[in-house]
Structures are given as structure tokens and as C-alpha cells.
Amino acid sequence: MEQALYKRDRYHHIKTKSGKILRVVREHYLRKCITCSAEICTLDSCKTGISSLPSDVTHYLFPDGGVCKDFMEVLELAQFTGIVFTQTAVNYVLTPGGRATIKRLTQKVADPRNGCIFFANEFFHETFFERESKDNVNDWQTKLVYKAAEWYYQHLECKKAVVVLTESEELTFDLANKTAGVHVMSLQQYLSLFWPNCAEATDMFESLSASLLLSKEKGGKKQYDNHLPQEVLQMHVKSSEQYYEGVLNVNKHHAQKEAFIRGFGQKKLKLDSDILISGMTDRNRAIHGDRVVVKLLPKSQWKGRISSLTQDNESDNDYQDKNNVPTARVVGLVQRNLRDYVATLPKNEGSSVQSGKSGAVLVIPYDYSIPKIRITTSQVASLQDQRIVVRIDSWDCNSQYPNGHLVRRLGPIGDLETEIATIMAEYQLSMAEFSEQQQLELPTNNKDDPWAATQEEISKRLDLRDLLIFSIDPIGCEDVDDTLSIRELESGDLELGVHIADVSHFVHPDSLTDVEARQRSTTVYLADRRFDMLPSILSADLCSLVSGVDRYAVSVIWHLNPVTYQVKDVWYGRTIIRSAHKMFYEAAQAMHDGKDVRADIPELNGMDAMSVEIRMQRLKWCVDKLMDVARHLKANRVKGGAVQLEGLEVKVELNEEQEIENLIPKQTMEIHETIAECMIFANHWVAKKIVETYPLCSLLRYHPLPRQDHFQQLVESAKAKGFEIDTSTSKSLADSLDKCVDDVDVNVNRMLRSLATKAMSNALYFSTGSLPRDQFFHYGLALDCYTHFTSPIRRYADVIVHRLLMAAVEGDNNNLIVNKELQEICEHINNKHRASQHAQKDSQELFQTVFFKDKDAEVDECCTVNAIIESIRSNGFLVFIPRYGMKGAVFLQDKNGLVIDVSEKNNPTWTSGSISRSDFTITVATMTSSTCYALFDHVTVRISVQLSHSHSHNIKYELVSNKQHEEIQMNQAHKSCSNVQDVVSAVKEMHTDNEDDKDNSTTKQTCNEFSQSNSNMYQLLRNFKLMALQECS
């Protein structure tokens, strides 16, 4: 039998720490055959592998190590497919500074949509040879890549041309004509010949080239200390109490002066506090989000947190808290948080650089937390007044700023679509449409090719189409994730059912749709649109449990004691359902209240009077019984210590022309809590099932105990009103909050609950093999285990949970994800979930500024409002505005040291004076008056917009009076002036981390350049384009 492997010795020369050169021998095995993974290959042995080289490209691409290391960001563009990354090129990139490049390369290969592969050429006898003495290492490695390309061309019977990319001019000349069909060229030549119209690739190549030249320039005064090597950092962290590893978190309000280290890994700080990094020098080139190692400073050099408010990060008179906290300096980087940054050229920068010539320019990031970035580009003039995307390449200790390069441009500053794209780019969220290949994987449902449930599939499921099943959702909801059923059984028991869309039936593991859904991880809800996780054929059609049609579902059905509602039995499985009614919250609540809602239930149309009466009686019984069950479920959680938190919503009333007619504070209805409790109940029981079956590889959601020091503001604020807060357990916290009721001002309790929310840790997804069993609990919900199962249309975590549940029920373990891989997916989902929340918040603030920007704050009544003091600072206070649900800073002292005097009614003036502060009050003293402000006092503020060229516009709050504002009657005020924040509250889906609220409202789909779907009020919101953010003149 012929040997499949050749064994040979390979010699390496290694330099020791003492400087000696050692000759080391390693065994090296060469295979006699290897797969090419090309679709056009006729050999069956080459048809294996998940990713394969596509047949619809004109050529295959073989970049050498130098091109991969320096220009991987060009190659990772979606346009470039059919790339073969050789083992030689990957080994070249595998250097201490190449981690980010390897990550990009791996992601490019792992995504089957890119049609790229990894080729182990150094383990194949036909593509490996020893280095000759005349060749240096770089030339030899490029020749190995050429040898692999040459073998591919001949192996594929010359059917497909191949292109080798190298930046070596000498090898380009030597190898250019060696083999017909194997072309050798530089990346610049390749782009000009094959992609002359791809401006994005050309711009990125030019910017990367300029950045490489800039990074090679040495000299200049040393600005920062050198970073310690990785091995030294790890040794110090393990052995010394002075070194700590964590993630750098820059305070965006004091970006040049204050940052903190959070998350110390396995090493705990003796003091229960974050570590302060004060100033840019001690930050030592670390950037927000980097994982760093810090060294504690002597206690005599510790500082307090900045307690003053700042304007535009330019305040020179910062007040530090008297209580010092552990303070340190950065001594090394563990991992850069490399991402895309939206940035803007400074105003009039184009005049300082000659047109058409490359020049260095400092761009200003959109995020205040990020320092200015130096890029080199020849497009300065055309990039003026544009939002652009840049990446950081390096930051030398001799440079005050990091070096970076241009990635792409987003559009003109102030344009609504550009600002939306800016938000999405800042948080690394996808705006791309679903590809044609993804669409082809999915079924169709149209007049010519309607979708229908097959008999084969129906036979595998429990048929519940004759059961009275219904959904209760917000008005305008399209993607109906969940439906409910409840009935009395002949035995007298109650049967409660939660039926969830069976997304996993249509989205198979590792399919293109699954890969895309995993990458997106969540549907992103912005103020005026949403970006779906799944294509609309699923999210708004085949997976939406609308009434009157057959739909596949995954159901959890309980048998309950009719009196105590204790669970006697539970069943999990796949079902087929036909929802009878799609009801709205308002109609369900009105039905419970005894009102006639027949006109609000369209499915009753066409039924005779007797049938309508019978159906209404059945529906009312179901709704009433669901509410009763939900009350019992909630009571049990509250007894266990569940924390009830509140939020503010405003209902928007529109007329027939879709214009805002009125704004009414939205009252939370009991039916909202009813649906939420049913979903929590289902999530909890599914969690119990999957963790029981798969204790080491289930996806759960845990809410860890909050840090006690985070409750300090809550405890101190409650003391201002004479309340005591016990934060020792979730039960004691919930009880304490229930007692914090002010008979005069109902807002006090709401604001305290808001502070409690702020103190909470974030709930996170995790793999059960990554945490000990006693940490599976959910603090906020007071449950021992919890997961997300009820919204698979908009959350990828729920899709995984569906697969786990079905594997547990059916005993099919073929598609289980191992613990390590599942934990990596969980971390990715957590990041995307957090990013989508931040993007949603930023979009709301964008529309707030759009609305108020053109208002005359001195005249317009909707700009002068009542505000409540939430927090006292050294030079002002933070306020909460009940009318709009907004929060912001009010300054009592400006940059010049002047204080505001409001002693004269409606005529605030800035004058000389002083400020004194106590725990609960702050006093402004002038030559003629003294005014004291206390926590929870009501004051009057005026709202305006502070324009910015490089950053987002900001809402500005100016103190008008120390008295409560006497607002005109709310109905008239709402009719005369409507606030975009209120529009947002009605349009958006509540996509919060508090599982007590069901994420519920969705919007109608229309064609739009960016979003897959838009609001049913989009015609109204399009008017904001006409009011687009104008550049600050």
C-alpha cells in the first residue's frame, strides 16, 4: 500500500534570549494528495469542505503574506470572492501584532458567502520546497504562494485563470511570464485592471498605503511610555497586587481626563470600586474598549472622580470628588478594540491641503470617547462636510495621535439618511439588504407559487388548528411571534398554551440565512425604521402567526390546578396552529372591562349574530382567565424578590392624513403585564427543560447580582426624602422601593426606580458550561434559570433555544453546539444586543434634536417645560423632564465662572457669584440673592439645540426659574407642538433588557434605500428630511 505521507526533517534557526542561535529540527509531514475545494473540479475527492471556491468568478486570487498583512481590509470587501489563503500567507501574518488581521482573515474564510478557502500548501508535496540560499525568507514565501497558484491552475485543467498578488516588484517581474494563465501583479495593478470602478477598494488601498508609510516614519519627541511585552504583562498580573487587567471605559463627558478599568477577570480588587485612569498621559495610547493592563499608583497619587458637569468636553474647572478611588496608569495592551469609527474632517481643512495631493489630516471621531485620528488621503476637498468611516492602524509612542486610514464615506453631514447610517456604523450594525442567495434558500409565498403546509410535515406535529388560539399585540404589529390559548379540560384542570413561531423549521443550521441571522443577532429598532434579522418572507409572512392561516409553531402547554394554578404537567413540541384572532392590547383590555369591542375584532365580520355572541363570550372568558393566571404568576415572582421597574411612554394619536393630532401619556394596562407574565413563564419552563437535558451546552440568560457601590446614588437620593433603601437582596430592594411613595409628588417613586435600573448589571446570554450552577439565576425576575424562547423572529438567541428544545424533545443531538463555541456565540449576541440598544437610544436623540432645532426657544411654548432635579453636581444638576421623558444637564455656573441668577421672573441672567454644595442641595449666591436647589425640586427649564459639526447635535437645557412651570392644558399643548420623542415612543418596539416588558410593536414594510422596513407613520417622519440637520454655520 502506497504511503499517504512523506516524513522529512525541517530545520529552524531560533535566537535565544541571550542572543545565541540554535538550530532546531522539527518533523515535517507532506501529504501526497489534498483537496482543492473548487466547484469546477471534476474529482470527487475535492468536493469536501463547508466553504468552496465558486465557479462564477473569472479568476482565483492568491495573495502573499505581505498583501494579507498590510491590505487584508481591502480583500475582506464583499466584492472580492474566490480567494485562496495559503498556509504560507497565514503563517506570515501570525505575528504578535497580527491578531486583528488573522481575525479578519478567519471571518472571511468562515463565511460561506465569500467563497474563500484556506489551503495547507506547506503540507502538500507538490506545493512545498525548501528555501534556496539565494532567497530571503519573504521571497521564498512568495514563491511558495506562486507554486500553490501554479498547481491550482494545472489541477483545474487550465479552466480558471489565477492571479498572485505581491508587493515585491522584483518577483512580479521574474514570475510574470513563467506560466501562462498564472498572473503576478501588485494589488494596485490588480485593482486598476480588474476593479477600475470600485472606488471603495481604491480609496481604502490608497489610505492604507499612506498609513503604512506614515507608521514607518520615526523620530519626534517621545509622547508616551513603551508598552510592556505580553509575557511580562501576564506575569505581573498573576504575581503582583499592583497590576490589573481590564477593559478601558472612557467617560465621554470628560474624554480627555477620565477613564476607568472595569472587569478584572479572575483577579478581584480589594476595594469595591473601578480603577481610575486620569489624563491622556496615564492612559498611554489606550483607546476606549481596549483590554489593558494597569499598574496602581501610590495611594498619595489617587484621585477622586470628576463631579462637575462639562460642556463639549472643554471644561477647565473640573471639580473632583473628595473621596479618592484607586488610580493607575496603563502599562500595556492585551488586545485592541479594533472597529470602524465614524469621523469628520475639521472645518475648512480642505484649504490647507493642495487639491489632488496626498496629505495628512486629523479627523475628529463622532464618538467623544475616541481621540483624533491622523489619516493620509488625496481626497481632502471631496471629504469636507462628509461623514466618513476610518480605522486605526497604529499609535507610536512618538506620536500624539494614532495613525489610521479611510474606509469609506457615508454621505453629507446633516442628511437624515447619513445620520442614520452613522449610528449604525458606530455600533457595527448591518444595514445591508439580504442577498439573492439567501432569498433562494427560503420558500416563496405569492399568487403564482403560494406556500402551504405539507401533509408530511403536518403528520409530525400536534394539530391544534381547531383550538381557540389568539394573539394580543400592539396596533400595527406585523411579525407576530407568539399566540396564546387557555381552556378548561374535562378533568377540570386548566390548559394554558404558549405557541411560538417555528423559525427553526425554515432556518437550518449553517445555512446562508442562519449565518446572516447569527451575524446580525437581533432586529434593530430605530426611531423611524427597523433592520430585520430575518428576510421579510419569514419575519412578516411565513413565521408570523397571523389569524386565519396555517402556521408552524413550537408550543409549551401546561396543565394547571384550576384553583392554585400549580403546574401538574407540561408538554413541549412542534405544532401546527391557525390563530383565530389577532387582537390589540386596547381591545383585549376593553373586553376585560366589559366594553363592547366587536368592531375592533375584524375576524368577527361575516359571522351571524349568535356565533358572534358565543365567540365573544369565549374570548372574554379566555382573557379574564389569562389575567387571573398572570396575577398569580407575578405574585409568586414578587414574593421571591422580583424587582418591578417602570418606564415612561406616550401614546401618539394620528388623524387620517397620518399627522400628529394629540399626545397622551400612555397608561400601562393590566393586559400588558398579562402577556409579559405568560412569556416569562414560557421562557422559564423552557430553560428548565433544556438545562436538565443539556447541562453543559444550553443557552440561558442570567442577571448577575448588582455591585453594592452602584446603589450609592439611589440610597443617597432616597435619604433626601427620608426613605431608607435596603439593597442586600432583590426582595429587600423591591420592598424598599414600594415604600418610597411621596404623597405630594408621584414622580419621586418613578425616579428612584429609574436610579435602581441604572444600578443594575446587564442581563447576559451564556452557555451553561461556562458558569457554575449557582450563577444561573436571574436577579431582576427572581428566577433560578431563565432563557429567551418567545421571539425567534427578532432574536437569534431564541432560534438557538428552539433548536435545543427540539433536540431535547426529539432526542436528536446532531446539531448541538459545544460549550466553547456556544459561549463565543453568546458573547457575540450580547455585543449585538447591547449595540442595538445604544443605536435605538441614539436615534431617539437624533429625532429629538431634529424636532427642537428649528424651534424658537424663547417663544415656542413646547420648549419651556417643568423639570425635576435628579442629581446634584458641583456646578449644576441633572434633571428629568416628565413631559418628554428626557434627561439632561442644567448648568448653574458657566466656563467663565459666572453663575445664573433667576431671582427676576422669566429673566435669568449670568452674573458674578459663588456656588456651595451639600449632599442633597446646591446653593447659588449672588450680590443680590441666594437660591437653594434640592433633590426632587421642580424647576422650569428651556430646551434648545446645541449644534455640532463633528458630533451629534445635543439638547441643551437652560434654567429659567427655580419654580415649577405652570404648563398650559396638556391637550392644547400637545395639539400645538408635538415632540419627536413622543412619536418615537409610539413607533419603536420596546427593545429593552427588562424581560418584564414584552417587546411588541412593529411597523409596516416599505421599500427604502437602507431599511428593510419602515413605520406606518413613515410618511410623517419623512418630513424630517426637509428639516434635516444643518451644518453649524
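Position numbers for residues start from 1 in each chain and track the written sequence from start to end. In keeping with the predicted nature of the model, local features appear solely for residues at pLDDT of at least 70, side-chain atom pairs appear and are counted solely at 80 or more, and the whole-chain, interface and lining totals rest on all residues. For side-chain calculations, the full set of non-hydrogen atoms in the structure is used, while hydrogens and water are omitted.

Q: Any chance you could explain the overall build of the protein chain here in plain terms?
A: Numbered from the N terminus, helices here are DSSP runs of H or I no shorter than four residues, and strands are runs of E no shorter than two. Each helix and strand counted, the protein chain has 28 helices and 43 strands in total. In the protein chain, which comprises 1033 residues, the proportion classed as buried is 54%. Whether two residues touch is decided by their heavy atoms; if any such pair falls within 4.5 Å, the residues are in contact. Expressed as a percentage of contacts within the protein chain between residues at least 6 apart in sequence, the contacts between residues at least 24 apart total 68%. Just so you have it, the protein chain exposes about 46,900 Å², and 48% of that area is on carbon and sulfur atoms. Only protein chains enter the accessibility calculation, which uses a 1.4 Å probe; a residue whose area is less than 20% of its type maximum is buried, one above 50% is exposed, and one in between is partly exposed. A 1.4 Å probe and the Shrake-Rupley method give the accessible areas. Residues count as covered only by the protein chains that appear here.

Q: Got a minute to help me understand unusual backbone geometry in this structure?
A: Most of the time, phi is negative for any residue but glycine, and the peptide bond is trans. In this model, N284 sits at a positive phi of 50 degrees, which is unusual for a non-glycine residue. As for its placement among the helices and strands, N284 is situated in the loop between α9 (279-283) and β11 (291-296). Here N284 falls in the buried class, since its relative accessible area comes to 3%.

Q: Explain the nonpolar core here, please?
A: One broad rule of soluble globular proteins: the nonpolar side chains tend to lie buried together. Among the nonpolar cores identified, the biggest contains 96 residues, and L538, W558, I671, L699 and F789 are the most heavily contacted of them. Among the elements that line this core, the one with the most residues is helix α19 (residues 670-693), at 11 residues. Setting aside residues up to four positions removed in sequence, I671 forms contacts with I472, Y585, A588, Q589, V623 and M627. Nonpolar cores were defined as sets of buried Ala, Val, Leu, Ile, Met, Phe, Trp, Tyr and Cys residues, with membership established by side-chain atoms within 4.5 Å.

Q: Could you clarify how one ought to interpret the sheet that holds strand β14 (residues 328-335) in this entry?
A: The strands making up a sheet are joined through hydrogen bonds of the backbone, oriented either antiparallel or parallel. In short, DSSP must find at least two bridges between two strands for them to pair. What the 5 strands build is an open sheet, ordered β10-β9-β8-β11-β14; its pairing is antiparallel. The open sheet has two edge strands with one neighbour each: β10 (275-278) and β14. Neighbour-to-neighbour, the strand axes of this sheet turn through a mean angle of 45 degrees, independent of strand direction. Axis geometry follows a simple rule: fit a line to the C-alpha atoms, using only the stretch in contact for helices, then measure angles between N-to-C directions, giving values from 0 to 180 degrees. Seen against the sheet, helix α8 (residues 230-239) touches β8 (243-250), β11 and β14 and runs at an angle of roughly 120 degrees to β14.

Q: Explain α8 to me, please; I cannot follow it from the model alone.
A: Working note: α-helix, 3.6 residues per turn, so residues spaced by three or four point in the same direction. Listed as buried for α8 are L233, H236 and V237. Angularly, the buried residues of α8 cover 100 degrees about the axis, an arc narrow enough to put them on a single face. Relative to its buried face, α8 has exposed residues pointing more than 90 degrees away, namely E231, K238 and S239. The elements touched by buried residues of α8 are β8, β11 and β14. Note that the arc is defined by the directions from the helix axis to the C-beta atoms.

Q: Would you take a moment to explain the pairing of strand β27 (residues 567-578) for this structure?
A: Where a strand is regular, its side chains alternate between the two sheet faces. In this structure, strand β20 (residues 462-463) lies alongside β27, joined through 2 bridges in parallel fashion. Along β27, the bridge assignment pairs D463 with I576. Bridge count between strand β26 (residues 550-560) and β27: 11 bridges; the pairing is antiparallel. From the neighbouring strand, L560 faces β27, where its bridge partner is V567. If you look at the hairpin formed by β26 and β27, you'll find 6 residues sitting between the two strands, and Y565 has a positive phi there, around 65 degrees.

Q: Is there a simple way to think about the packing of helix α18 (residues 609-640) against α19 in this case?
A: For any two helices packed against each other, the geometry is given by the interaxial angle and the distance between the axes. Direction vectors running N to C along α18 and α19 enclose 65 degrees, while the axes themselves pass 8 Å from each other. Judged by the angle between their axes, α18 and α19 are roughly perpendicular. The way α18 lies across α19 gives a crossing that is left-handed. Taking contact as the criterion, the partners of V623, L626, M627, A630, R631, L633, K634 and R637 in α18 are, on α19, E670, I671, E673, T674, E677, C678, I680 and F681. A breakdown of the residues in the contact of α18 with α19 according to their chemical character gives 9 nonpolar, 1 polar and 6 charged. Orientation labels follow simple angle bins: below 35 degrees gives roughly parallel, above 145 gives roughly antiparallel, 65 to 115 gives roughly perpendicular, and whatever is left gives oblique. Each helix crossing is assigned a hand: it is left-handed if the near helix lies turned anticlockwise from the far helix by less than a right angle, otherwise right-handed if that turn is clockwise. For this classification, Asp, Glu, Lys and Arg are treated as charged, while Ala, Val, Leu, Ile, Met, Phe, Trp, Tyr, Cys and Pro are nonpolar and the rest, including Gly, are polar.

Q: I would appreciate a short explanation of the packing of aromatic side chains in the present structure.
A: Describing an aromatic ring pair means giving the distance of the ring centres and the angle of the ring planes. Here the aromatic set is Phe, Tyr and Trp, taking the six-membered ring for Trp, and pairing holds for ring centres within 6.5 Å; pairs whose planes are under 30 degrees apart are stacked, those over 60 apart are edge-to-face, and all others are tilted. Evaluated as defined, the whole model comprises 21 aromatic pairs. Consider the rings of F124 and W151, whose centres lie 5.1 Å apart with planes at 80 degrees: the pair is edge-to-face. Within this pair, whereas F124 is found in the loop between β5 (117-119) and α4 (137-155), its partner W151 is found in helix α4, the two being separated by 27 residues in sequence. W151 matches F124 in its accessibility class, with the two residues each being buried. A connected cluster of aromatic rings, assembled from ring pairs, spans F62, F119, F124, W151 and Y152.

Q: Looking at this structure, I do not really get the packing of helix α1 (residues 65-75) against helix α3 (residues 99-110). What am I missing?
A: Direction vectors running N to C along α1 and α3 enclose 45 degrees, while the axes themselves pass 9 Å from each other. In terms of their interaxial angle, α1 and α3 are classed as oblique. Every pair of crossing elements has a handedness; the one defined by α1 and α3 is left-handed. Counting all contacts with α1, which are made through C68, K69, M72, E73 and L75, the residues of α3 involved are T101, R104, L105 and K108. Looking at the contact of α1 with α3, its residues break down into 4 nonpolar, 1 polar and 4 charged.

Q: Can you help me understand the environment of D738 in this one?
A: With respect to the helices and strands, the residue D738 is situated in helix α21 (residues 730-739). According to the relative accessible area criterion, D738 is partly exposed, its value standing at 45%. In sequence terms D738 and R753 are 15 residues apart; their C-alpha atoms lie 9.5 Å from each other.

Q: Whenever I open this one, helix α22 (residues 747-759) confuses me. Can you help?
A: Helices are assigned an expected span. That span is 1.5 Å times one less than the residue count. Taking 1.5 Å of rise per residue, 13 residues should cover 18 Å, and α22 covers 19 Å from first to last C-alpha, within 8% of that figure. Buried residues of α22: N747, V748, N749, M751, L752, R753, L755, A756 and A759, and no others.

Q: How should the pattern of salt bridges be read in this particular structure?
A: Any two side chains of opposite charge can pair if their charged atoms end up close together. Any carboxyl oxygen of Asp or Glu within 4 Å of a side-chain nitrogen of Lys or Arg constitutes a salt bridge here. Within the structure shown, the criterion is met by 50 salt bridges. For K841, the salt bridge goes to E845, with nearest N and O atoms at 2.7 Å. Residue K841 and its partner E845 are both found in helix α24 (residues 819-853); the two are separated by 4 residues, about one turn of the helix. One network of salt bridges, in which partners are shared, links E73, E76, R104, D340, R391 and R408.

Q: How should the sheet that holds strand β40 (residues 930-934) be read in this particular structure?
A: The antiparallel open sheet is built from 3 strands, whose spatial order is β38-β39-β40. Edge positions in the sheet fall to β38 (913-917) and β40, since each has one partner strand and no second. Between one strand axis and the next, the sheet turns by 15 degrees as a mean value, whatever way the strands run.

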